[in-house]
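Chain by chain, the residues:
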Amino acid sequence: MKESIFDLSKEIAIKVIKSLSFKDFVAVYGYGDSPDSRVIMMQAATEMGYLAERTKTLNRQVGPQQKHRYIGVLVRASYQPGVFSVPKSYFGAINDLALELNVTLVPQEVLHSVDDHAILDPANQTPALRDGSLSGMLVMGQWSPEVIRELNAIAPCVVLPFTIPDIQVDQVGLDHNGAVADLINHLHKLGHQRIGFFGKCHSLSWSTERFAGYVNGLSRHGLAYDPAAVIDIAERPLMEEGHDDAWTAHIEQARTATQGGVTAWVCSSDWPGNQLHRGLVAAGLRVPTDISITGFDDSEPVTLGMPPLTTTYLPRPEMGNAAVKRLIHRLNEPDADYRRIQFSCPLIDHGTTAPPRKPRD
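Residues numbered from 1 in each chain as written. Predicted model: local features only at pLDDT ≥ 70, side-chain atom pairs only at ≥ 80, totals over all residues. Heavy atoms only, no water.

In spatial order, the strands read 7-6-8-9; together these four strands make up an open sheet with parallel pairing. Where the open sheet ends on each side, the last strands, each with one partner, are strand 7 (230-232) and strand 9 (292-294). Strand-to-strand twist in this sheet, taken as the mean axis angle between neighbours without regard to direction, amounts to 15°. Two strands pair when backbone bridges link them, and strand 8 (residues 264-267) and strand 9 are joined in this way by three bridges, in the parallel orientation. Residue pairing in the sheet places V266 in a bridge with T294 of strand 9. Together, strand 6 (195-200), strand 8 and strand 9 form the strand contacts of helix 8 (residues 176-190), whose direction differs from that of strand 8 by roughly 165°. (Pairing = 2+ DSSP bridges. Helix = DSSP H or I, 4+ residues; strand = E, 2+ residues; numbered from the N terminus. Axes fitted to C-alpha atoms, helices over the stretch in contact; angles between N-to-C directions. Contact = heavy atoms within 4.5 Å.)

See the structure below:
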């Protein structure tokens, strides 16, 4: 069986990397089943200055269109500190295409609990970002506009999957508005007239866009908008594990609104949806017999012991490929117009919605 360098000590691993030709390095980099292994490999390579040295050598051997590039993958990590948080469906597709395009990925995480401005401090950057080895960056997750602008000034960036308005940068995102409107349409066809929204947060762009889709969907079907059926949730509970006291209060709000006539809840993502699902079941309600619940994104690894929600599919492989291609296009044509590419999110029915229960006589 082939031995993985990730099983060796750090000192031996560095010696192995130094002995590799670039072709062999790429082969070893692609070895292993998990994205975490590739992250470890790239971190070791960047720490020893391998990337900058190999780039200079390789670029002397190829023409400008085949130029080898190092691309940063900056990720805003959420729920599990210490675990590379790019889903395999994203990272696998991005990595496979990168190898075809003569690109090597250099991942780095910034925990959501840390101010994202920290990435602008060289002390917090990977060596490849700090020494200018990166040709461009894929910036994934929830980042503030000012940080995106600063990063884009260092090297061209493509932002995904959450688009940011009023910023001059290429973006690959989702049709949040249309997807949530489709969820409302699904619930309306089942007969729901009182539909709530659980997880509105003004500081998260994806939440506000999905809330806009909720309002749009209600308006499309002539359904009443009730402020009491909209549950605001702060950013930290939506982006981090824990915060049980906050969830208890929000679920009680939702339970009260349900008693007041709400028969279905659209949640801003699967994470608050799973919290709501567990909380309402604990309060004695049956899903979907007594109440219907939908999520958004079909990606939450922590379901809190509940069955999966009716939700939306996110085309992560397609989005990852589009982001890499857009970044390469930007590097080859730096004066091209900026583009915002949006992907649709088809509904996935996991059985947590049903016609509303008929009122008792």
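Let us now look at helix 11 (residues 244-259). One turn of the α-helix equals 3.6 residues, which is why residues spaced by three or four share an orientation. Compared with an ideal rise of 1.5 Å per residue, which puts 16 residues at 22 Å, helix 11 spans 22 Å between its outermost C-alpha atoms and is within 8% of the ideal. All of the buried residues along helix 11 are W247, H250, I251, A254, A257 and T258. Seen from one end, helix 11 has its buried residues packed into an arc of 115°, which puts them on one side. Away from its buried face, by an angle of more than 90 degrees, helix 11 presents the exposed residues D245, T248 and Q259. Looking at the buried positions of helix 11, the neighbouring elements they touch are strand 6, strand 7, helix 10 (235-239), strand 8 and helix 12 (270-282). One or two residues past the end of helix 11 sits G261, with phi positive at roughly 125°. (Expected span 1.5 Å × (residues − 1). Buried < 20%, exposed > 50% of the residue type's maximum accessible area, 1.4 Å probe, protein only. Arc of directions from axis to C-beta.)

With an omega of -5°, the peptide bond running from L160 to P161 counts as cis. Backbone torsion omega between V287 and P288 reads 5°, so that peptide bond is classified as cis. Structurally, P288 can be placed in the loop between helix 12 and strand 9. At N102, a residue that is not glycine, the phi angle is positive and equals roughly 65°. Note that N102 resides in the loop between helix 5 (88-100) and strand 2 (103-111). N102 gets classed as partly exposed once you look at its relative accessible area, which sits at 26%.

Between helix 11 and helix 12, the shortest axis-to-axis distance is 10 Å and the interhelical angle comes to 70°. Compared by their axis directions, helix 11 and helix 12 come out roughly perpendicular. Between helix 11 and helix 12 lies a crossing of right-handed hand. Along the contact surface, helix 11 presents W247, I251, A254 and R255, while helix 12 presents W271, P272, Q275, L276, G279 and L280. Taken together, the residues of the contact of helix 11 with helix 12 break down into seven nonpolar, two polar and one charged. (Parallel < 35°, antiparallel > 145°, perpendicular 65-115°, else oblique. Left-handed = near helix turned anticlockwise from the far one by under 90°. Nonpolar A, V, L, I, M, F, W, Y, C, P; charged D, E, K, R; others polar.)

This part takes up helix 9 (residues 205-220). When the terminal C-alpha atoms of helix 9 are compared, their 22 Å separation across 16 residues agrees well with the 22 Å that a helix rising 1.5 Å per residue should span. Taken as a whole, helix 9 has its buried residues at S205, W206, S207, R210, F211, G213, Y214, G217 and L218. Against the buried residues of helix 9 lie strand 5 (170-174), helix 8, strand 6, strand 7 and helix 10. Following helix 9 by one or two positions, G222 has its phi on the positive side, about 70°.

Let's shift gears to the pattern of salt bridges. Per the counting criterion, the structure on display carries eight salt bridges. K200 is the salt-bridge partner of D232, the closest N and O atoms lying 3.2 Å from each other. Placement of the pair is D232 in strand 7 and K200 in strand 6, with a sequence separation of 32 residues. Of the charged contacts in the structure, one is a salt bridge between D290 and R357, with a shortest N-O distance of 2.8 Å. Highlighted residues: D290 in the loop between helix 12 and strand 9 and R357 in the segment after strand 12 (347-348), separated in sequence by 67 residues. Through salt bridges that share partners, D170, R326 and R330 make up one connected network. (Salt bridge = Lys/Arg side-chain N within 4 Å of Asp/Glu carboxyl O.)

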